[in-house]
Amino acid sequence: MACCCNNYLYLFRQIHHSITTSIASPSRAFPSCLTTTFRVCNAQSWSTKPNSRSMSESVSASASTGTFTWDDVVRSADLETIWDDPSDLNGYFEKIKICNRGADMRFDFIPFVIEDQIVGYVHKGFAEHLRKFQYVFEFLPDNGSRGARVTLNSSLKTPEDRTRAVGEVVKSLGEQLIPGIRNELYPVTSSFGARTFFSLERAAAPYFGIKAYGVHMNGYVEKGGQKFLWIGKRSRAKATYPGMLDHLVAGGLPHGIACGENMVKECEEEAGIPRSISSSAIPVGAVSYMDIDGYRYKRDVLFCYDLKLPESFIPKNEDGEVESFKLIPVTHVANVIRRTYLFKPNCCLVIIDFLFRHGYILPECFGYLDLLQSLRSGDCS
(Lines give C-alpha, C1' and ligand atoms only; values in the text may rest on other atoms or scores of the structure.)
Protein backbone atom coordinates (compact mmCIF):
# COMPACT_ATOMS: atom_id res chain seq x y z
CA MET A 1 0.00 0.00 0.00
CA ALA A 2 1.81 3.10 -1.19
CA CYS A 3 1.96 6.02 1.22
CA CYS A 4 2.56 9.30 -0.64
CA CYS A 5 1.67 11.91 1.95
CA ASN A 6 1.28 15.43 0.60
CA ASN A 7 0.82 18.30 3.07
CA TYR A 8 -1.69 20.13 0.87
CA LEU A 9 -3.69 16.98 0.31
CA TYR A 10 -3.61 16.30 4.05
CA LEU A 11 -4.91 19.81 4.82
CA PHE A 12 -7.74 19.30 2.34
CA ARG A 13 -8.57 15.95 3.95
CA GLN A 14 -8.58 17.51 7.42
CA ILE A 15 -11.01 20.24 6.36
CA HIS A 16 -13.30 17.71 4.67
CA HIS A 17 -13.02 15.36 7.67
CA SER A 18 -13.90 18.15 10.11
CA ILE A 19 -17.03 19.06 8.15
CA THR A 20 -18.29 15.50 7.81
CA THR A 21 -17.55 14.42 11.39
CA SER A 22 -19.26 17.47 12.92
CA ILE A 23 -22.61 15.72 12.49
CA ALA A 24 -21.53 12.45 14.12
CA SER A 25 -22.89 11.26 17.47
CA PRO A 26 -19.83 10.60 19.71
CA SER A 27 -21.72 8.51 22.24
CA ARG A 28 -22.69 5.62 19.98
CA ALA A 29 -20.49 2.81 18.73
CA PHE A 30 -22.21 2.98 15.32
CA PRO A 31 -23.39 6.57 14.69
CA SER A 32 -26.88 7.16 13.35
CA CYS A 33 -25.30 9.16 10.54
CA LEU A 34 -22.08 7.70 9.21
CA THR A 35 -19.46 10.31 8.48
CA THR A 36 -17.23 8.32 6.17
CA THR A 37 -17.06 9.70 2.64
CA PHE A 38 -17.49 6.17 1.28
CA ARG A 39 -21.04 4.87 0.82
CA VAL A 40 -21.91 1.19 0.51
CA CYS A 41 -24.73 1.00 -1.98
CA ASN A 42 -26.02 -0.65 -5.10
CA ALA A 43 -23.41 -0.38 -7.82
CA GLN A 44 -25.92 1.22 -10.20
CA SER A 45 -26.70 3.99 -7.72
CA TRP A 46 -23.09 4.74 -6.78
CA SER A 47 -22.30 8.40 -6.29
CA THR A 48 -19.07 10.19 -5.36
CA LYS A 49 -20.94 13.05 -3.70
CA PRO A 50 -19.77 13.01 -0.06
CA ASN A 51 -23.08 14.25 1.38
CA SER A 52 -25.51 11.90 -0.32
CA ARG A 53 -28.10 11.58 2.44
CA SER A 54 -29.89 8.51 1.09
CA MET A 55 -26.65 6.55 0.80
CA SER A 56 -25.54 7.56 4.29
CA GLU A 57 -28.83 6.44 5.80
CA SER A 58 -28.64 3.16 3.91
CA VAL A 59 -25.16 2.42 5.25
CA SER A 60 -26.14 3.45 8.78
CA ALA A 61 -29.08 1.08 8.81
CA SER A 62 -27.15 -1.89 7.46
CA ALA A 63 -24.07 -1.33 9.64
CA SER A 64 -25.88 -0.85 12.94
CA THR A 65 -28.21 -3.82 12.38
CA GLY A 66 -25.73 -6.15 10.69
CA THR A 67 -27.99 -6.61 7.67
CA PHE A 68 -25.31 -5.84 5.09
CA THR A 69 -24.04 -8.59 2.79
CA TRP A 70 -20.60 -9.75 1.70
CA ASP A 71 -21.31 -8.04 -1.62
CA ASP A 72 -21.61 -4.75 0.30
CA VAL A 73 -18.28 -5.46 1.99
CA VAL A 74 -16.57 -6.22 -1.31
CA ARG A 75 -17.95 -3.05 -2.92
CA SER A 76 -16.82 -0.94 0.02
CA ALA A 77 -13.31 -2.30 -0.41
CA ASP A 78 -13.13 -2.21 -4.22
CA LEU A 79 -14.68 1.05 -5.28
CA GLU A 80 -12.46 4.10 -5.49
CA THR A 81 -13.35 7.78 -5.45
CA ILE A 82 -11.47 11.04 -5.62
CA TRP A 83 -12.14 11.40 -1.89
CA ASP A 84 -10.23 8.29 -0.89
CA ASP A 85 -6.51 8.22 -0.11
CA PRO A 86 -4.90 5.09 1.43
CA SER A 87 -2.31 7.26 3.18
CA ASP A 88 -5.03 9.16 5.09
CA LEU A 89 -5.10 7.60 8.57
CA ASN A 90 -8.21 9.45 9.76
CA GLY A 91 -10.44 6.43 9.20
CA TYR A 92 -8.25 4.39 11.53
CA PHE A 93 -8.20 7.12 14.17
CA GLU A 94 -12.01 7.22 14.10
CA LYS A 95 -12.25 3.51 14.90
CA ILE A 96 -9.82 3.83 17.80
CA LYS A 97 -11.80 6.79 19.14
CA ILE A 98 -14.96 4.65 19.16
CA CYS A 99 -13.24 2.23 21.57
CA ASN A 100 -12.02 5.01 23.87
CA ARG A 101 -15.06 7.11 24.76
CA GLY A 102 -15.87 8.98 27.95
CA ALA A 103 -12.44 9.89 29.34
CA ASP A 104 -13.97 13.06 30.81
CA MET A 105 -16.40 10.93 32.85
CA ARG A 106 -13.78 9.07 34.89
CA PHE A 107 -14.47 11.31 37.86
CA ASP A 108 -17.96 9.83 38.09
CA PHE A 109 -16.37 6.57 39.29
CA ILE A 110 -14.90 5.53 42.64
CA PRO A 111 -12.14 2.92 43.06
CA PHE A 112 -13.10 -0.67 43.81
CA VAL A 113 -10.43 -1.86 46.25
CA ILE A 114 -9.55 -5.27 47.68
CA GLU A 115 -6.75 -5.63 50.22
CA ASP A 116 -5.49 -2.14 49.35
CA GLN A 117 -5.25 -3.02 45.64
CA ILE A 118 -7.38 -1.17 43.08
CA VAL A 119 -9.09 -3.85 41.01
CA GLY A 120 -11.78 -1.76 39.33
CA TYR A 121 -13.96 1.35 39.28
CA VAL A 122 -17.65 1.68 40.11
CA HIS A 123 -19.94 4.46 38.90
CA LYS A 124 -21.42 6.48 41.76
CA GLY A 125 -24.90 5.78 40.43
CA PHE A 126 -24.29 2.03 40.23
CA ALA A 127 -22.79 2.15 43.72
CA GLU A 128 -26.18 3.20 45.08
CA HIS A 129 -27.57 -0.15 43.95
CA LEU A 130 -24.73 -1.94 45.75
CA ARG A 131 -25.42 -0.15 49.04
CA LYS A 132 -28.46 -2.41 49.44
CA PHE A 133 -26.10 -5.35 49.95
CA GLN A 134 -24.22 -4.36 53.11
CA TYR A 135 -23.29 -7.96 53.84
CA VAL A 136 -21.24 -7.93 50.61
CA PHE A 137 -20.01 -4.36 50.07
CA GLU A 138 -18.53 -1.71 52.34
CA PHE A 139 -18.21 1.96 51.43
CA LEU A 140 -15.18 3.80 52.76
CA PRO A 141 -15.48 7.59 53.06
CA ASP A 142 -13.01 10.18 51.84
CA ASN A 143 -10.50 10.50 54.69
CA GLY A 144 -8.47 13.30 53.16
CA SER A 145 -5.46 11.23 52.14
CA ARG A 146 -7.56 8.83 50.08
CA GLY A 147 -10.87 9.44 48.34
CA ALA A 148 -14.06 7.47 48.71
CA ARG A 149 -13.78 3.78 47.84
CA VAL A 150 -15.87 0.65 47.70
CA THR A 151 -14.61 -2.70 48.93
CA LEU A 152 -15.92 -6.10 49.95
CA ASN A 153 -17.20 -6.90 53.41
CA SER A 154 -14.34 -7.98 55.68
CA SER A 155 -16.18 -11.22 56.46
CA LEU A 156 -15.57 -12.38 52.87
CA LYS A 157 -12.02 -13.65 53.19
CA THR A 158 -11.61 -16.35 50.53
CA PRO A 159 -11.90 -16.09 46.73
CA GLU A 160 -14.68 -18.67 46.82
CA ASP A 161 -16.73 -16.72 49.37
CA ARG A 162 -16.28 -13.50 47.42
CA THR A 163 -17.21 -15.13 44.12
CA ARG A 164 -20.38 -16.60 45.60
CA ALA A 165 -21.45 -13.41 47.40
CA VAL A 166 -20.87 -11.03 44.48
CA GLY A 167 -22.47 -13.56 42.13
CA GLU A 168 -25.62 -13.49 44.23
CA VAL A 169 -25.66 -9.69 44.03
CA VAL A 170 -25.31 -9.76 40.23
CA LYS A 171 -28.14 -12.27 40.01
CA SER A 172 -30.30 -10.15 42.32
CA LEU A 173 -29.70 -6.96 40.33
CA GLY A 174 -31.01 -8.80 37.28
CA GLU A 175 -30.92 -8.38 33.53
CA GLN A 176 -32.46 -4.91 33.59
CA LEU A 177 -29.39 -3.49 35.30
CA ILE A 178 -26.75 -5.97 34.05
CA PRO A 179 -27.95 -7.40 30.72
CA GLY A 180 -26.46 -10.34 28.86
CA ILE A 181 -25.58 -12.68 31.73
CA ARG A 182 -23.36 -15.44 30.27
CA ASN A 183 -22.53 -17.60 33.30
CA GLU A 184 -18.86 -17.17 32.42
CA LEU A 185 -16.41 -16.00 35.07
CA TYR A 186 -13.59 -13.49 34.67
CA PRO A 187 -10.73 -13.23 37.17
CA VAL A 188 -10.59 -10.06 39.29
CA THR A 189 -6.96 -8.96 39.61
CA SER A 190 -4.96 -5.75 39.92
CA SER A 191 -2.94 -6.66 36.80
CA PHE A 192 -2.42 -9.55 34.41
CA GLY A 193 -0.89 -12.57 36.12
CA ALA A 194 -1.35 -11.11 39.60
CA ARG A 195 -3.25 -12.81 42.39
CA THR A 196 -6.93 -13.48 41.66
CA PHE A 197 -9.05 -12.01 44.47
CA PHE A 198 -12.27 -13.58 43.18
CA SER A 199 -14.13 -14.29 39.95
CA LEU A 200 -16.91 -12.20 38.45
CA GLU A 201 -19.65 -12.81 35.89
CA ARG A 202 -18.38 -11.63 32.50
CA ALA A 203 -21.39 -9.41 31.78
CA ALA A 204 -20.83 -7.59 35.10
CA ALA A 205 -17.14 -6.87 34.45
CA PRO A 206 -17.61 -3.35 33.01
CA TYR A 207 -20.05 -2.42 35.80
CA PHE A 208 -17.29 -3.06 38.33
CA GLY A 209 -14.64 -1.61 36.01
CA ILE A 210 -12.35 -4.62 36.31
CA LYS A 211 -9.66 -5.35 33.77
CA ALA A 212 -10.84 -7.88 31.21
CA TYR A 213 -8.56 -9.77 28.87
CA GLY A 214 -9.17 -11.47 25.56
CA VAL A 215 -7.41 -13.23 22.69
CA HIS A 216 -7.82 -12.13 19.05
CA MET A 217 -6.26 -13.87 16.09
CA ASN A 218 -5.50 -12.67 12.58
CA GLY A 219 -5.79 -15.77 10.41
CA TYR A 220 -4.08 -15.04 7.10
CA VAL A 221 -3.14 -16.78 3.88
CA GLU A 222 -0.37 -15.99 1.42
CA LYS A 223 -0.88 -16.77 -2.25
CA GLY A 224 0.43 -15.23 -5.43
CA GLY A 225 2.64 -12.86 -3.45
CA GLN A 226 -0.40 -11.34 -1.72
CA LYS A 227 -1.75 -11.65 1.82
CA PHE A 228 -5.38 -12.36 2.60
CA LEU A 229 -7.27 -12.31 5.91
CA TRP A 230 -10.09 -14.66 6.83
CA ILE A 231 -12.93 -12.47 8.15
CA GLY A 232 -15.99 -13.72 10.00
CA LYS A 233 -19.51 -12.29 10.03
CA ARG A 234 -21.07 -12.62 13.46
CA SER A 235 -24.35 -14.44 13.93
CA ARG A 236 -27.35 -12.13 14.00
CA ALA A 237 -28.44 -13.98 17.13
CA LYS A 238 -25.45 -12.61 19.07
CA ALA A 239 -26.39 -10.34 21.98
CA THR A 240 -23.61 -7.89 21.08
CA TYR A 241 -22.80 -6.52 17.62
CA PRO A 242 -25.02 -9.02 15.76
CA GLY A 243 -24.11 -9.48 12.11
CA MET A 244 -20.98 -7.33 12.29
CA LEU A 245 -17.60 -8.28 10.84
CA ASP A 246 -15.18 -9.99 13.19
CA HIS A 247 -11.86 -11.80 13.36
CA LEU A 248 -11.53 -15.39 12.26
CA VAL A 249 -11.08 -16.24 15.95
CA ALA A 250 -11.55 -14.14 19.09
CA GLY A 251 -12.76 -14.65 22.62
CA GLY A 252 -12.61 -13.46 26.20
CA LEU A 253 -10.06 -14.92 28.60
CA PRO A 254 -12.00 -16.68 31.37
CA HIS A 255 -10.71 -17.63 34.80
CA GLY A 256 -8.34 -20.58 34.99
CA ILE A 257 -7.07 -20.87 31.41
CA ALA A 258 -3.86 -19.61 29.82
CA CYS A 259 -3.87 -17.39 26.74
CA GLY A 260 -2.34 -19.97 24.42
CA GLU A 261 -4.67 -22.77 25.49
CA ASN A 262 -7.66 -20.46 25.23
CA MET A 263 -6.63 -19.56 21.68
CA VAL A 264 -6.47 -23.23 20.71
CA LYS A 265 -9.94 -23.77 22.24
CA GLU A 266 -11.44 -20.77 20.45
CA CYS A 267 -9.85 -21.83 17.14
CA GLU A 268 -11.64 -25.16 17.34
CA GLU A 269 -15.00 -23.71 18.43
CA GLU A 270 -15.18 -20.67 16.16
CA ALA A 271 -13.44 -21.77 12.99
CA GLY A 272 -12.91 -25.53 13.17
CA ILE A 273 -9.12 -25.11 13.21
CA PRO A 274 -7.49 -28.28 14.58
CA ARG A 275 -4.83 -28.12 17.27
CA SER A 276 -2.25 -29.35 14.76
CA ILE A 277 -2.63 -25.99 12.97
CA SER A 278 -3.69 -23.60 15.76
CA SER A 279 -0.71 -24.54 17.93
CA SER A 280 1.41 -22.62 15.39
CA ALA A 281 -0.34 -19.30 16.21
CA ILE A 282 2.27 -16.69 17.14
CA PRO A 283 1.65 -14.24 20.01
CA VAL A 284 2.60 -10.80 18.66
CA GLY A 285 1.68 -8.37 21.44
CA ALA A 286 -1.41 -6.68 22.81
CA VAL A 287 -3.69 -3.67 22.33
CA SER A 288 -5.77 -1.93 24.97
CA TYR A 289 -8.59 0.57 25.30
CA MET A 290 -10.70 2.33 27.91
CA ASP A 291 -14.36 2.96 27.18
CA ILE A 292 -16.91 4.61 29.49
CA ASP A 293 -20.59 4.44 28.65
CA GLY A 294 -23.08 5.18 31.42
CA TYR A 295 -22.37 2.85 34.34
CA ARG A 296 -19.99 0.76 32.23
CA TYR A 297 -16.23 1.23 32.48
CA LYS A 298 -14.45 -1.13 30.08
CA ARG A 299 -10.72 -1.57 30.66
CA ASP A 300 -9.84 -4.23 28.13
CA VAL A 301 -6.55 -5.73 26.99
CA LEU A 302 -6.54 -7.93 23.87
CA PHE A 303 -3.66 -10.34 23.28
CA CYS A 304 -2.95 -10.49 19.55
CA TYR A 305 -2.00 -13.59 17.60
CA ASP A 306 -1.08 -14.23 13.97
CA LEU A 307 -1.68 -17.59 12.32
CA LYS A 308 -0.56 -18.33 8.79
CA LEU A 309 -3.05 -20.81 7.36
CA PRO A 310 -2.71 -23.26 4.46
CA GLU A 311 -4.27 -22.07 1.20
CA SER A 312 -6.48 -25.14 1.25
CA PHE A 313 -7.96 -24.47 4.70
CA ILE A 314 -11.63 -23.47 4.85
CA PRO A 315 -12.98 -22.36 8.26
CA LYS A 316 -16.14 -23.89 9.67
CA ASN A 317 -17.90 -22.49 12.71
CA GLU A 318 -18.71 -25.03 15.41
CA ASP A 319 -20.48 -22.99 18.11
CA GLY A 320 -23.13 -21.10 16.12
CA GLU A 321 -21.62 -17.68 16.83
CA VAL A 322 -20.44 -17.01 13.26
CA GLU A 323 -22.76 -16.71 10.28
CA SER A 324 -20.12 -17.08 7.55
CA PHE A 325 -16.49 -16.43 6.60
CA LYS A 326 -14.78 -14.78 3.65
CA LEU A 327 -11.15 -14.59 2.54
CA ILE A 328 -10.33 -10.97 1.67
CA PRO A 329 -7.09 -9.29 0.52
CA VAL A 330 -5.47 -7.43 3.40
CA THR A 331 -5.50 -4.16 1.43
CA HIS A 332 -9.26 -4.52 1.00
CA VAL A 333 -9.75 -5.24 4.71
CA ALA A 334 -7.85 -2.02 5.40
CA ASN A 335 -10.21 -0.13 3.10
CA VAL A 336 -13.27 -1.53 4.86
CA ILE A 337 -11.92 -0.38 8.23
CA ARG A 338 -10.98 3.08 6.97
CA ARG A 339 -14.22 3.69 5.04
CA THR A 340 -16.98 1.96 6.99
CA TYR A 341 -18.32 0.93 10.39
CA LEU A 342 -18.93 -2.71 9.47
CA PHE A 343 -16.41 -4.23 11.90
CA LYS A 344 -17.01 -4.87 15.59
CA PRO A 345 -15.09 -1.88 17.01
CA ASN A 346 -12.35 -3.57 19.04
CA CYS A 347 -11.48 -5.85 16.10
CA CYS A 348 -10.33 -2.75 14.24
CA LEU A 349 -7.57 -2.17 16.79
CA VAL A 350 -6.17 -5.68 16.34
CA ILE A 351 -6.28 -5.46 12.54
CA ILE A 352 -4.69 -2.00 12.52
CA ASP A 353 -1.90 -3.50 14.63
CA PHE A 354 -1.56 -6.24 11.98
CA LEU A 355 -1.33 -3.58 9.27
CA PHE A 356 1.54 -1.89 11.11
CA ARG A 357 3.46 -5.10 11.70
CA HIS A 358 3.08 -6.34 8.12
CA GLY A 359 4.07 -3.06 6.48
CA TYR A 360 0.69 -1.83 5.19
CA ILE A 361 0.90 1.40 7.22
CA LEU A 362 4.18 3.20 6.63
CA PRO A 363 6.14 5.81 8.65
CA GLU A 364 5.68 8.28 5.77
CA CYS A 365 1.96 8.54 6.62
CA PHE A 366 1.09 11.64 8.61
CA GLY A 367 0.14 10.62 12.17
CA TYR A 368 1.99 7.27 12.03
CA LEU A 369 3.39 7.38 15.57
CA ASP A 370 0.23 8.86 17.07
CA LEU A 371 -1.82 6.04 15.56
CA LEU A 372 0.66 3.42 16.74
CA GLN A 373 0.58 4.79 20.29
CA SER A 374 -3.22 5.03 20.34
CA LEU A 375 -3.53 1.25 19.92
CA ARG A 376 -2.64 1.06 23.63
CA SER A 377 -4.80 3.87 24.95
CA GLY A 378 -5.93 1.79 27.91
CA ASP A 379 -3.94 0.50 30.89
CA CYS A 380 -1.97 -2.29 29.25
CA SER A 381 -1.03 -4.14 32.43
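What you are looking at is a predicted structure, and each value in this text was computed from that prediction instead of being measured.

**A word on unusual backbone geometry**
Inference 1: At Glu-115, a residue that is not glycine, the phi angle is positive and equals roughly 50 degrees.
Inference 2: Tracing the sequence through the fold places Glu-115 in the loop between strand E1 (109-114) and strand E2 (117-123).
Inference 3: Of note in this structure, Asp-116 is not a glycine but carries a positive phi near 65 degrees.
Inference 4: Structurally, Asp-116 is set in the loop between E1 and E2.
Inference 5: Owing to a relative accessible area of 59%, Asp-116 belongs among the exposed residues under this scheme.

**With respect to the packing of aromatic side chains**
Inference 1: Tallied over the entire structure, the rule returns 14 aromatic pairs.
Inference 2: Plain terms: the ring middles of Phe-192 and Phe-303 are 4.8 Å apart, the flat faces sit at 50 degrees to each other, and that makes the pair tilted. Taken together, the residues span a long stretch of sequence, with Phe-192 in the loop between strand E5 (185-188) and strand E6 (198-201) and Phe-303 in strand E12 (residues 296-308) at a distance of 111 residues.
Inference 3: We classify Phe-303 as buried; its relative accessible area is 17%.
Inference 4: Pairwise contacts between aromatic rings join Phe-112, Phe-126, Phe-137, Phe-198, Tyr-207, Phe-208 and Tyr-295 into one cluster.
Inference 5: The residue whose ring lies beneath Arg-131 is Phe-139, and the NZ or CZ to ring-centre distance is 4.1 Å.
Inference 6: A cation over a ring is seen here: Lys-233 above Phe-68, with NZ or CZ 4.5 Å from the ring centre.

**Examining the packing of helix H4 (residues 90-98) against helix H9 (residues 330-339)**
Inference 1: For the pair H4 and H9, the least separation of the axes is 7 Å and the interaxial angle reads 65 degrees. Seen along the crossing, H4 lies across H9 with a hand that is left-handed. In contact with Gly-91, Tyr-92 and Lys-95 of H4, H9 contributes Ala-334, Ile-337 and Arg-338.
Inference 2: Looking at the contact of H4 with H9 residue by residue, the classes come out as three nonpolar, one polar and two charged.

**Re the side chain of Asn-100**
Inference 1: Along the chain, the position of Asn-100 falls in the loop between H4 and E1.
Inference 2: Those residues in contact with Asn-100, other than ones at most four positions away along the chain, are Tyr-289, Met-290, Asp-291, Ser-377 and Gly-378.

**Notes on the nonpolar core**
Inference 1: Tyr-92, Leu-245, Phe-343 and Ile-361 are the most contacted members of the largest nonpolar core, which has 41 residues in total.
Inference 2: At the level of secondary structure, the elements contributing two or more residues to this core comprise helix H3 (70-78), H4, strand E8 (226-234), strand E11 (282-293), E12, H9, helix H10 (345-357) and helix H11 (368-374).
Inference 3: Ranked by the residues each element gives to this core, the list is headed by H10, at nine residues.
Inference 4: Once you skip the residues sitting within four places of it in the chain, Tyr-92 turns out to touch Ala-334, Ile-337, Arg-338, Ile-352, Leu-355, Ile-361 and Leu-371.
Inference 5: Ranked by size, the runner-up nonpolar core spans 33 residues in total, among them Ile-114, Phe-137, Val-188 and Leu-200.

**Notes on the environment of His-358**
Inference 1: Locating His-358 in the fold gives a position in the loop between H10 and H11.
Inference 2: It is 9.5 Å that separates the C-alpha atoms of His-358 and Lys-227, two residues lying 131 residues apart in sequence.
Inference 3: Ignoring sequence-local partners within four residues, the contact set of His-358 consists of Tyr-220, Lys-227 and Asp-306.
Inference 4: At 3.0 Å, the side chain of His-358 forms a polar contact with the side chain of Asp-306.

**Comments concerning the pairing of strand E4 (residues 149-152)**
Inference 1: Here E4 shows two buried faces, one formed by Arg-149 and Thr-151 and the other by Val-150 and Leu-152.
Inference 2: Relative to E4, strand E3 (residues 137-140) is paired through four bridges, and the arrangement is antiparallel. Each bridged residue has a counterpart across the sheet, and for Leu-140 the counterpart in E4 is Arg-149.

Conventions used here
Residues numbered from 1 in each chain as written. Predicted model: local features only at pLDDT ≥ 70, side-chain atom pairs only at ≥ 80, totals over all residues. Heavy atoms only, no water. Helix = DSSP H or I, 4+ residues; strand = E, 2+ residues; numbered from the N terminus. Buried < 20%, exposed > 50% of the residue type's maximum accessible area, 1.4 Å probe, protein only. Phe/Tyr/Trp six-rings, centres within 6.5 Å; stacked < 30°, edge-to-face > 60°. Lys NZ or Arg CZ within 6 Å of the ring centre and 35° of its normal. Axes fitted to C-alpha atoms, helices over the stretch in contact; angles between N-to-C directions. Left-handed = near helix turned anticlockwise from the far one by under 90°. Contact = heavy atoms within 4.5 Å. Nonpolar A, V, L, I, M, F, W, Y, C, P; charged D, E, K, R; others polar. Core = buried A, V, L, I, M, F, W, Y, C linked by side-chain atoms within 4.5 Å. Polar contact = N/O pair within 3.5 Å; in protein donor to acceptor, adjacent residues only side chain to side chain. Pairing = 2+ DSSP bridges.

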